[in-house]
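Per-entry structural report
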Amino acid sequence: MASENLTGEIRKIDEAFQSRLAEAKDAPSLERIRTDFLGRKGHIARLFETLGEADPAVRREAGRLLNELKNRAQSAVLGEAARVSAKESGEDRPDLTLPGYAPPVGRLHPLTIVMRRVKSCFQKLGFAVAQGPEVESDYYNFEALNIPPGHPARDMQDTLYVSDRVVLRTHTSPVQIRVMENQKPPVRIIAPGRVYRRDTPDASHSPVFHQVEGLCVDEGVSFADLKAVILAFAREMFGSDMTIRFRPSFFPFTEPSAEYDFTCVICRGKGCRVCKNTGWVEISGAGMVNPEVFRFAGIDSERYTGYAFGMGVERLTMLLYEVQDIRAFYENDLRFLGQF
Amino acid sequence: MKIPLAWLQDWIPVPLDAHETARRLTLAGLEVESIDIVGGRFRGVVIGRILSVGPVPGADKLRLCRVDAGSGEIPVVCGAPNVRDGILVPVALEGAELPGNMKIRRTVIRNAESAGMICSARELGLGDDHSGILVLDDPSLRPGDAFTDREGNDFIFDINVTPNRPDCLCVRGIAREVALLHGCALRSPETVKPVDAAGGPVDIRIEDPDGCSRYTARRLKDIRIGPSPEWIRKRIEAAGMHAINNIVDITNYVMLETGQPLHAFDADLLDGGRIIVRRAGEIRQFTTLDGQERRLSAEDLLICDGARPVALAGIMGGRNSEVSEGTRRILLESAHFDPMTIRRTVKRIGISSEASIRMEKGVDPSGTRDALERAIAIMVELSGGCPDSGVTDVVARPIRPVRISLRPQRIRRVLGAEIPHADILRILSGLGMTVEGTDPVEVTVPTRRPDVTGEIDLIEEVVRHFGYDRIEPSASTTGPTAVHSNREDEFIERLRDILSGMGFTEVFNNSMVDRQSTDLFFAPVPAVPVRNPLSPETAFLRTALMPGLMESVRWNQNRSVFDLRLFEIGRVFEHRGEGLPEERVRVAGVISESARQKGYWKSRSPRPDWYAVKGTLEALAEALHLKETAFRPSPGRGWVPGTAAVFEAGGKRIGSFGEADPSVRAACDVSERVFGFELDGSALLECLPQSPVVRPVPRYPAVRRDLALVVDAGVPVGSIQQTLLLNGGGLLVSADLFDLYQGKQIPAGRKSLAFTLAFLSPERTLTDADVDPLMNGIIRCLESVHGASLRS
């Protein structure tokens, strides 16, 4: 067979295939096309047989064309078959209003979400995460933090006791001491965790809640550094327009001590119900580590200075999401948890 | 501490603005928590700005105004001829009280709603002008601010005095701060008139100098008991105390003013007219003037006369020596007691008074005499009495002022800012400290400041008055720390992501639980008791997470929220005698079956069951790349017998799972079936592989064969799988069950299993010739080992 004849034959078969395919409407007709063209005794197989007799000079080019036709025909038949079967089963045009089949969606607790944000913020600032026990000795929870037995500051928090010397920690501050006992400065840690107070539950009190404690100790650490780190945190957490306010306060383990406020995150400082028209919301306490605390931890307070700060995770979460009642965090109502 | 502004004003030579004074105090660490406006002729009146004036249909003379009253815009109907927009006016809001017992209510006038009243001078009792409303000219007034009657109103500050500042539990102490904050000197309101001595000294004996460092007293005679004048009553009542009679009120007045608690005894009731300060020792009981009988302990400090106790020192006087209407002679006590001694008695007896609040925090040991003389002067003036003794001042243990060196460069180091030397001196001397030298500054601290004991305390005083806001934030210049990642914390966060990714929602439960829930699940462990719980429901620390999750199921089920997949990660506690309990991190989850099965429109989703929990653990193991995982039956408390199993990895027990037992469900008030698991966090972390070592992906295709067989119903599928894999000639890489059937076409007591087997060689493409002999061997083995028959 002459070479033009072979290529011409391939083209003819190709055209015949195209026109038959265009007319195919259902699965049986498609199956017939498949047998006629791609079957063991179909047109394409027949041409492959003639290929062996062809002039070696054209065999190569014709073989390539034939292979190409075979592949194209196969995928065309498969594609058309899929379309036909979808049409037959009515799936060619899905009802967009019918619900899809979705895997269940699980959610993280809002306190986890906020605790992660706090952690990530301070980790970027070079703080490591440290942990301590939730049931603490009186020594770490009070004494080493410069709150000796009988100190009036013990009245500032109502404590839950396990025994005379063992308490449910009232703050995450004991982690400060545990870290400083084991690590020489420089120290830069945050300690997130659960704390306990003997508070009757109401909209703003929970006997169980979460704090994040921060501690930075090194040579040359100052109150100005403390303000800088709190400002950085405020902006990372609530936006770059945040400003902070430090007010003198009293904590036995820091001196000078401060309460720090953020621009009201609800009204952005204009004055609203949440900030009682002051434009500020109270966040928590901070200050320079009291030299007495350094003494307990065995750190030279002449050489090193440090700052510490705390914050309530529930408080931040309530401000971020405008949650009105702290008890919602522990009721675990899915209609609440599902919103985060 | 509650203080009327007018009282503070007595001590300050410049006029005080209530809000500005409060702001300055707050920024100096004396937080003004609230300002109450009292007295005057009206209350509930605020400044308002009239935003617009419109007609009231059907009423020619009335106008409907929209008024900005600070908290929002309100409609007010007004009939005054001079009402116009833009002006500032006094607005009596709903609930306001005006002279003549007039109460403002929200009303509707001619179909127009009115939420308040714009007032004339006469309506406020400020004058006779009733020709129109009062127009306020002062442009500094802001809508919403209280409109006050400067004549009669007073502002009561409620100041949160931190426990380190007992010196600020009195008007004088706060006034000292206010004076410094206003850059003026403290003014003494009245000079104490010295009252001439008459008669001999008071017989005072301090037997316990540790408990009482100083006792100052004087007798007064010819007293006439009666009510005190209104100005005293008003002030002590504003401060939150009750007026009783002139003598008692004056002791309270002077205490509120100076911080020094005073006590007046009826001197005629004191045996031998003597005062002995001693510990209770063998004295077991005492009746305080509130009529309560108090049981004493040997350590309690008492004031006794010649025969018996007459007061609980620094806390409360006794009924036996109380000042009453018939009292003619008093003995006035002004003493300094050891704060810790007072505090212990207060705590132990559970008694507290205005005196003890101050005594237990520390009053000024140098101030007993001044306070006594101030009170005597007022008493002589107001009760007609005259001295019956000289001032007797017994100092048993002198308490001297502390001297501290303050290094300016230390201030710089701690604050990271420069504070001018002049400011340091101004602030310290303004606080009553004596300052000498420049570097270091030698500071003598008055005895009224027991909180100032070291250099850091002085630095705090300096920056407190310099202004925290004047310290500029500056980024740290300190070097890197040894930041190390916290493996456990990161692992827990990873678990949270995996479980929430598998459709579980995270819950947080209280770690304090009731007794019952500590032994619902798992082998009982001693629970940590809370000694002073708020209620029996929170008297123990949790020993497991499952009970909390059951509670979460109950809460949601009772609110018709079903189809729950919940997890919690938290600590559980095991009592270890005297020391700290053992704390372990647990990971637990539940899947609860819905009472009303939620279906998918296309096909019913499978009801959650035991296999859903097992599958969760299998998926978790796969996500974490756990090795050598196994599930073994193991009876466990809380689970339905037969469903209880343990999950192992790396040859170690990680935790257990099963279906919650109906008895547990009943105890937890859960009606739905619940399937759960609880794993030990550290056990899980320990068997975590470092990081997976990657093997090359197979280069040759697998040959797949399906195998359907029938075996006795009791044969575990796992044992057949094991047989399959052992007989695969090293080429069988997986044998996955894809069907399990019992019923028609299968003989009773038998079940049909269908597996897909995959054969794979790392070296070449396998052919039927490789696989067929292996299949034959496998089938023979299944027949002989498991009594399996091939299903065609």
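Residues numbered from 1 in each chain as written. Chains lettered and ligands numbered in written order. Predicted model: local features only at pLDDT ≥ 70, side-chain atom pairs only at ≥ 80, totals over all residues. Heavy atoms only, no water.

**Side note on the overall build of chain A**
For chain A, the count of helices and strands is 12 helices and 10 strands. The C-alpha atoms of chain A give 37 Å as radius of gyration, which overshoots the globular expectation for 340 residues (20 Å, by more than 25%). A principal-axis box enclosing the C-alpha atoms of chain A has dimensions of 110 × 45 × 45 Å. The burial tally for chain A puts 55% of its 340 residues in the buried class. Contacts in chain A between residues at least 24 apart in sequence constitute 66% of all its contacts with a sequence separation of at least 6. By element, 51% of the accessible surface of chain A is carried by carbon and sulfur atoms, the whole surface being about 15300 Å². Computed over 44 positive and 46 negative side-chain charges, the separation of the two mean positions in chain A equals 4 Å. (Helix = DSSP H or I, 4+ residues; strand = E, 2+ residues; numbered from the N terminus. Rg over C-alpha atoms; globule rule 2.2 N^0.38 Å. Buried < 20%, exposed > 50% of the residue type's maximum accessible area, 1.4 Å probe, protein only. Contact = heavy atoms within 4.5 Å. Areas by Shrake-Rupley, 256 points an atom, 1.4 Å probe, with all protein chains shown as cover. Lys, Arg positive; Asp, Glu negative; His and termini not counted. Charge placed at Lys NZ, Arg CZ, Asp CG, Glu CD.)

**Side note on the sheet that holds strand β4 (residues 166–168) of chain A**
All names here are of chain A. Overall, antiparallel pairing links the 3 strands, which are arranged β2-β4-β3 in an open sheet. The open sheet has two edge strands with one neighbour each: β2 (135–137) and β3 (161–163). For this sheet the average axis-to-axis angle between neighbouring strands, irrespective of direction, equals 30°. In this structure, β2 lies alongside β4, joined through 3 bridges in antiparallel fashion. Paired with E136 across the two strands is V167, which belongs to β4. (Pairing = 2+ DSSP bridges. Axes fitted to C-alpha atoms, helices over the stretch in contact; angles between N-to-C directions.)

**Some thoughts on the packing of helix α2 (residues 18–27) of chain B against helix α3 (residues 171–181) of chain B**
Residue and element names in this part refer to chain B. Two elements in contact, α2 and α3, have axes separated by 10 Å at closest approach and are oriented at 100°. One way to sum up the angle between α2 and α3 is to call them roughly perpendicular. Seen from α2, the contacting residues are T21, R24 and L25; seen from α3, they are I174, E177, V178 and L181. The class makeup of the residues in the contact of α2 with α3 is 4 nonpolar, 1 polar and 2 charged. (Parallel < 35°, antiparallel > 145°, perpendicular 65-115°, else oblique. Nonpolar A, V, L, I, M, F, W, Y, C, P; charged D, E, K, R; others polar.)

**A look at the interface of chain B and chain A**
Taken together, the contact pairs 86 residues of chain B with 91 residues of chain A. Both faces considered, chain B and chain A share a buried interface measuring about 7300 Å² in area, 55% of it formed by carbon and sulfur atoms. Broken down residue by residue, the surface that chain B buries against chain A is led by B:Y468, B:F508 and B:L534, which jointly contribute 11%. At the boundary of chain B with chain A, the tally comes to 7 salt bridges. Note that A:D164 and B:R531 form a salt bridge whose closest N and O atoms lie 2.7 Å from each other. Connecting chain B to chain A are 44 residue pairs in polar contact (both at pLDDT 80 or more). If you list the elements that add at least two residues to the side of chain B that touches chain A, you get α2, α6 (339–349), α9 (408–415), α11 (455–466), α12 (487–501), β27 (505–506), α13 (546–557) and β30 (565–574) of chain B. Among the elements that line the side of chain B that touches chain A, the one with the most residues is β30(B), at 6 residues. Broken down by class, the residue content of the side of chain B that touches chain A amounts to 35 nonpolar, 24 polar and 27 charged. (Buried area = accessible area lost by both parts, 1.4 Å probe. Salt bridge = Lys/Arg side-chain N within 4 Å of Asp/Glu carboxyl O. Polar contact = N/O pair within 3.5 Å; in protein donor to acceptor, adjacent residues only side chain to side chain.)

**So, the nonpolar core**
Core analysis: the biggest nonpolar cluster contains 116 residues, and A:F262, A:F309 and A:M311 have the highest contact counts within it. The greatest single-element share of this core, amounting to 10 residues, is contributed by helix α8 (residues 223–238) of chain A. The residues contacting A:F309, other than those within four sequence positions of it, are A:F122, A:F127, A:I190, A:V212, A:E213, A:G214, A:L226, A:V229, A:I230, A:G285 and A:A286. In terms of nonpolar packing, the next biggest core, distinct from the first, is built from 51 residues, B:I3, B:A18, B:I159 and B:M379 among them. (Core = buried A, V, L, I, M, F, W, Y, C linked by side-chain atoms within 4.5 Å.)

**With respect to the domain arrangement of chain A**
For chain A, the assigned domains read domain 1 (3–89) and domain 2 (110–337). Inter-centroid distance (C-alpha atoms) of domain 1 of chain A to domain 2 of chain A is 76 Å. (Domains from an automatic or database assignment.)

**A short note on the sheet that holds strand β24 (residues 402–406) of chain B**
Pairing between the strands of a sheet is mediated by backbone hydrogen bonds and can be parallel or antiparallel. All names here are of chain B. Spatially, β24-β26-β25 is the arrangement adopted by the 3 strands of the open sheet, whose pairing is antiparallel. A single partner strand is all that each edge strand has here, and the edge strands are β24 and β25 (434–436). Pairs of neighbouring strands in the sheet enclose a mean axial angle of 20°, with direction left out of account. Relative to strand β26 (residues 441–445), β24 runs antiparallel, the two sharing 5 bridges. Within β26, the residue paired with R403 across the bridge is T444.

**Re unusual backbone geometry**
The omega torsion across A:P185 and A:P186 is 5°, close enough to zero to call that bond cis. Relative to the elements of secondary structure, A:P186 occurs in the loop between α7 (174–182) and β5 (187–196). Positive phi, normally seen in glycine, also occurs at A:N146, with a value near 70°. Structurally, A:N146 can be placed in the loop between α6 (138–141) and β3. Its identity is not glycine, yet B:N111 carries a phi of approximately 70°, on the positive side. Inspection of the secondary structure puts B:N111 in the loop between β8 (107–109) and β9 (112–114).

**A closer look at the pattern of salt bridges**
Oppositely charged side chains may form a pair once their charged atoms are brought near each other. Tallying each qualifying case throughout the model produces 80 salt bridges over all chains. Among the salt bridges present, the one from A:K119 reaches B:E493, with a minimum N-O distance of 2.8 Å. Pair noted here: A:K119 is in helix α5 (residues 110–124) and B:E493 is in helix α12, and the two residues belong to different chains. This pair shows no difference in class: A:K119 is buried, exactly as B:E493 is. In this structure, the salt-bridge partner of B:R219 is B:D388, at a minimum N-O distance of 3.1 Å.

**A few points about the environment of A:G42**
Residue and element names in this part refer to chain A. Examined against the element boundaries, G42 turns out to sit in the loop between α2 (27–38) and α3 (43–51). The exposure class of G42 is buried, given its relative accessible area of 3%. For G42, the contacting residues outside a window of four places in its chain are T35, D36 and F37.

**Notes on α8(A)**
Residues and elements named next belong to chain A. Taking 1.5 Å as the rise per residue, α8 with 16 residues should run 22 Å; its terminal C-alpha atoms sit 22 Å apart, in good agreement. The buried fraction of α8 is high, at 13 of 16 residues. Backbone geometry just downstream of α8 places G239 in the positive-phi region, at approximately 115°. (Expected span 1.5 Å × (residues − 1).)

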